[in-house]
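Here are the chains, one letter per residue:
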Amino acid sequence: MPIVAAAVLLAAVLASCSGANDPSKGDPIAGKQLFASKGCSGCHTFKAAGSSGTTGPDLDVASPSPAKVVNQLDNPGGLMPSFAGKLSDAEKADLAAFVGAGNASGKAVT
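Residues numbered from 1 in each chain as written. Predicted model: local features only at pLDDT ≥ 70, side-chain atom pairs only at ≥ 80, totals over all residues. Heavy atoms only, no water.

1. A closer look at the overall build of the chain
Counting its regular elements, the chain contains six helices and two strands. Helices (α) and strands (β) of the chain occur, in sequence order from the N terminus, as α-α-α-β-β-α-α-α. Counting across all 110 residues of the chain, residues that qualify as buried make up 29%. Accessible area of the chain: about 6500 Å², with a carbon and sulfur share of 63%. (Helix = DSSP H or I, 4+ residues; strand = E, 2+ residues; numbered from the N terminus. Buried < 20%, exposed > 50% of the residue type's maximum accessible area, 1.4 Å probe, protein only. Areas by Shrake-Rupley, 256 points an atom, 1.4 Å probe, with all protein chains shown as cover.)

2. A closer look at the side chain of His44
Tracing the backbone through its elements, the reader meets His44 in the loop between helix 3 (40-43) and strand 1 (45-46). We classify His44 as buried; its relative accessible area is 12%. In contact with His44, not counting residues within four places along its chain, are Phe35, Ser51, Ser52, Gly53, Gly56, Pro57 and Leu59. (Contact = heavy atoms within 4.5 Å.)

3. Here's the deal with the pattern of salt bridges
All told, the structure shown has two salt bridges when counted by the stated rule. With a closest N to O distance of 2.6 Å, Lys92 and Asp74 form a salt bridge. Of the two residues, Lys92 sits in helix 6 (residues 89-105) while Asp74 sits in helix 5 (residues 66-74), which places them 18 residues apart along the sequence. In this structure Lys92 comes out as buried when scored by relative accessible area, which is 5%. The class of Asp74 is partly exposed, set by a relative accessible area of 27%. For Lys92, the salt bridge goes to Asp89, with nearest N and O atoms at 3.9 Å. With Lys92 and Asp89 both in helix 6 and three residues apart, the pair spans about one turn of that helix. Salt bridges linked by common partners bring Asp74, Asp89 and Lys92 together as one network. (Salt bridge = Lys/Arg side-chain N within 4 Å of Asp/Glu carboxyl O.)

4. A few points about the confidence of the model for the chain
Looking at the chain as a whole, its pLDDT mean stands at 79, while 72% of the residues score no less than 70. For the chain, the element scoring lowest by mean pLDDT is helix 1 (residues 2-17), at 39; strand 2 (residues 51-52) scores highest, at 96. Residue range residues 1-20 is modelled with pLDDT below 50. Its contacts to residues more than four positions away, or to other chains, number one contact. (pLDDT = per-residue confidence, 0-100.)

5. What to know about helix 5
Buried within helix 5 are the following residues: Val69, Val70 and Leu73. The arc that holds every buried residue of helix 5, seen down its axis, measures 95°, which confines them to one face. (Arc of directions from axis to C-beta.)

Structure (structure tokens):
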């Protein structure tokens, strides 16, 4: 039994190091598509997305980190709806990567 327990522990450690839940490991191109399809453009100004919404914060000015984006998706405030049960962890990471890449370059992600 100790070998099985060690194998389970090793698998858990490797899974936590894989980056699956790391918002900085998302795909910014997939995130751009999600930004448009989930209605983010309607509320947020964000140069990289070509959006000029005024309901939510201007993401160019706020320049949130990927971790902050994921936190806001899970624990929104104000008028922002929760996306906790509506997006997978990978989708949240993709959105976070898109917002991060757009803020880093100031240019649209293609």
